Amino acid sequence: MELYKRENYLKKIRAFYDETEIIKVITGVRRCGKSSLMKMIETELLEKGVSEDN
């Protein structure tokens, strides 16, 4: 399944990808795309070279 790339949201959270001292929380109403956003973030991190274990 192809996901719609939500670039505005991804831009806001990309700055925190390497930040380990901050807990990141994604909130929203039901069925607004939180899990889809997490899948997109996972894909970007894997492409960046982060291990699947992390």
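Our subject is the structure that appears above.
## As for the packing of helix H1 (residues 7–14) against helix H2 (residues 34–48)
Inference 1: With their axes 11 Å apart at the nearest point, H1 and H2 run at an angle of 60° to one another. Between H1 and H2, the angle is such that the two are oblique. Note on packing geometry: the crossing formed by H1 with H2 is right-handed. Here H1 contributes Tyr9, Leu10, Ile13 and Arg14 to the contact with H2, which in turn contributes Leu37, Met40, Ile41 and Glu44.
Inference 2: A per-class count over the contact of H1 with H2 returns six nonpolar, no polar and two charged.

## Concerning the layout of surface pockets
Inference 1: In this model, the largest pocket occupies a volume close to 440 Å³.
Inference 2: Taken together, 18 residues form the lining of the largest pocket, with Tyr17, Ile41, Glu42, Leu45 and Asn54 sitting closest to its centre.
Inference 3: Here the residues of the lining of the largest pocket are counted per class, giving 10 nonpolar, three polar and five charged.
Inference 4: Here the second largest pocket is characterised by a volume of approximately 210 Å³.
Inference 5: Every residue along the wall of the second largest pocket is listed here: Arg6, Tyr9, Lys12, Ile13, Ile26, Thr27, Cys32, Gly33, Lys34 and Leu37.
Inference 6: It is H1 that contributes the most residues to the lining of the second largest pocket, three residues altogether.
Inference 7: For the lining of the second largest pocket, the residue count by class is five nonpolar, two polar and three charged.

Conventions used here
- Residue numbers here run from 1 along each chain, matching the order of that chain's written sequence.
- Whole-chain, interface and lining totals are the exception, using all residues; otherwise, since this is a predicted model, local features are given only for residues with pLDDT of at least 70 and side-chain atom pairs are given and counted only at 80 or more.
- Each side-chain value is derived from all of the structure's non-hydrogen atoms; neither hydrogens nor water enter the calculation.
- Here, axes are lines fitted to C-alpha atoms. For helices the fit covers the stretch in contact, and angles between N-to-C directions go from 0 to 180 degrees.
- A run of H or I in DSSP counts as a helix once it spans at least four residues, and a run of E counts as a strand once it spans at least two, with each numbered from the N terminus.
- Here the word oblique covers every angle except those under 35 degrees (roughly parallel), over 145 (roughly antiparallel) and from 65 to 115 (roughly perpendicular).
- Handedness of each helix crossing follows the sense of rotation of the near helix against the far helix: counterclockwise by less than a right angle gives left-handed, clockwise gives right-handed.
- Only heavy atoms matter for contacts: two residues are in contact if any of them lie within 4.5 Å across the pair.
- For this scheme, ten residues count as nonpolar: Ala, Val, Leu, Ile, Met, Phe, Trp, Tyr, Cys and Pro. Four count as charged, namely Asp, Glu, Lys and Arg, and the remainder, Gly too, count as polar.
- Definitions used throughout: a 1 Å grid over protein atoms alone; a cavity as a set of points that fits a 1.4 Å probe which cannot get out; a pocket as an open set with protein on both sides within 12 Å along at least five of seven lines; a lining residue as one with an atom within 4 Å of a point.
- Grid points are joined across faces, edges and corners, and a volume is the space filled by probe spheres set on the points.

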